[in-house]
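Here is what each chain is made of, one letter per residue.
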Amino acid sequence: MTVLLAGLMACAHRGGETEVARRDTPVRAEAGENQSDPVRKSCKGHGPRIPEGETVNGIVRAAYLVGADGKVTDVTVTGKASPAALKAIQRFIAGCVYAPALRDGKPVTVRWRGELDFTRVPGSR
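Here the structure is a predicted model, which means the values were calculated and not measured.

### Points about the overall build of the chain
In terms of helices and strands, the chain carries 1 helix and 10 strands. Seen in sequence order, the chain has helices and strands lined up from the N terminus as β-β-β-β-β-β-α-β-β-β-β. Every one of the 125 residues in the chain was classed for burial, and the buried ones make up 40%. Long-range contacts, defined here as pairs at least 24 residues apart, represent 71% of the contacts in the chain between residues at least 6 apart. Of the roughly 7100 Å² of accessible surface on the chain, 52% is carried by carbon and sulfur atoms.

### Observations concerning the side chain of Glu115
Tracing the backbone through its elements, the reader meets Glu115 in strand 10 (residues 110-117). A polar contact is formed between the side chain of Glu115 and the side chain of Arg61, at a distance of 3.4 Å.

### Side note on unusual backbone geometry
Unusually for a residue other than glycine, Asp74 sits at a positive phi of about 50°. Looking at the secondary structure, you find Asp74 in strand 6 (residues 72-81).

### What to know about the pairing of strand 10
With 6 of 8 residues buried, strand 10 is to be regarded as a mostly interior element. Two elements, strand 5 (residues 56-66) and strand 10, share 8 bridges in a ladder whose sense is antiparallel. Directly across from Arg61, in strand 10, lies its bridge partner Glu115.

### What about helix 1 (residues 83-94)?
The terminal C-alpha atoms of helix 1, which comprises 12 residues, lie 16 Å apart, in line with the 16 Å expected from a rise of 1.5 Å per residue. Within the span of helix 1, buried status applies to Ala85, Leu86, Ala88, Ile89, Phe92 and Ile93. Seen along its axis, helix 1 keeps its buried residues to an arc of 160°; they face one direction.

### So, the state of the cysteines
Inspection of the entire model under this criterion finds 1 disulfide. A sulfur-sulfur separation of 2.0 Å characterises the disulfide bridge that pairs Cys43 with Cys96. Between Cys43 and Cys96, the S-S dihedral sits near 110°, and the bridge is therefore right-handed. One end of the pair, Cys43, is in the loop between strand 3 (39-42) and strand 4 (49-51); the other, Cys96, is in the loop between helix 1 and strand 7 (97-99), with 53 residues separating them in the sequence. We classify Cys96 as buried; its relative accessible area is 4%.

### Looking at the pattern of salt bridges
The final tally for this structure, using the stated rule, is 1 salt bridge. For the salt bridge of Arg61 with Glu115, the shortest nitrogen-to-oxygen distance reads 3.4 Å. On the criterion of sequence distance, the pair formed by Arg61 in strand 5 and Glu115 in strand 10 is long-range, its members being 54 residues apart.

### Here's the deal with the packing of aromatic side chains
Going through the model one piece at a time under the given rule, you end up with 1 aromatic pair. Taken together, a centroid distance of 6.4 Å and an interplanar angle of 40° make the contact between Tyr64 and Tyr98 tilted. Of this pair, Tyr64 sits in strand 5 while Tyr98 sits in strand 7; the two residues are 34 residues apart in sequence, bridging distant segments of the chain. Judged on exposure class, the residue Tyr64 and its partner Tyr98 are both buried.

Scoring rules and cut-offs
Residues numbered from 1 in each chain as written. Predicted model: local features only at pLDDT ≥ 70, side-chain atom pairs only at ≥ 80, totals over all residues. Heavy atoms only, no water. Helix = DSSP H or I, 4+ residues; strand = E, 2+ residues; numbered from the N terminus. Buried < 20%, exposed > 50% of the residue type's maximum accessible area, 1.4 Å probe, protein only. Contact = heavy atoms within 4.5 Å. Areas by Shrake-Rupley, 256 points an atom, 1.4 Å probe, with all protein chains shown as cover. Polar contact = N/O pair within 3.5 Å; in protein donor to acceptor, adjacent residues only side chain to side chain. Pairing = 2+ DSSP bridges. Expected span 1.5 Å × (residues − 1). Arc of directions from axis to C-beta. Disulfide = S-S within 2.5 Å. Salt bridge = Lys/Arg side-chain N within 4 Å of Asp/Glu carboxyl O. Phe/Tyr/Trp six-rings, centres within 6.5 Å; stacked < 30°, edge-to-face > 60°.

Dropping the structure here:
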C-alpha cells in the first residue's frame with residue numbers, strides 16, 4: 001500500500017491557534033478494478049489549526065472514508081500528538097471535499113489511509 005506523506009510547510013498564528021500548511025497527495029487505500037481515485041477539491045484553511053500550547057511530534061496517521069458524494073466521514077487520527085492537536089487534525093480532514101472515486105464510471109465510497117509528517121521544519125524542503 002502506498003502511503004500518503006504530507007509535509008509541514010509553514011505556520012501562522014491566528015487567534016491562539018497555529019494553522020499548519022501542508023502538502024499532500026491522496027493515495028488509494030482500497031484497490032478496485034476500473035476505479036479512479038478521489039481527487040481533493042478543497043479544504044477549509046491551508047492546514048489543521050493546532051491550538052496554542054498543544055504538540056504534534058513526528059508522524060500522525062489518518063484513516064477516513066471519502067463518500068460517493070465527496071464528503072469525508074469516519075475520520076480517525078493517531079500519533080504522537082496531544083489530544084487537542086489530534087482533534088484539530090481530525091477536524092481539518094473532515095472539512096475537506098473530494099470529487100469522488102469512480103468505479104465503472106459511477107461514484108463509490110473508498111477508505112483512505114495516510115500519514116502526515118510533522119517532523120520537518122517550517123519552510124524546509
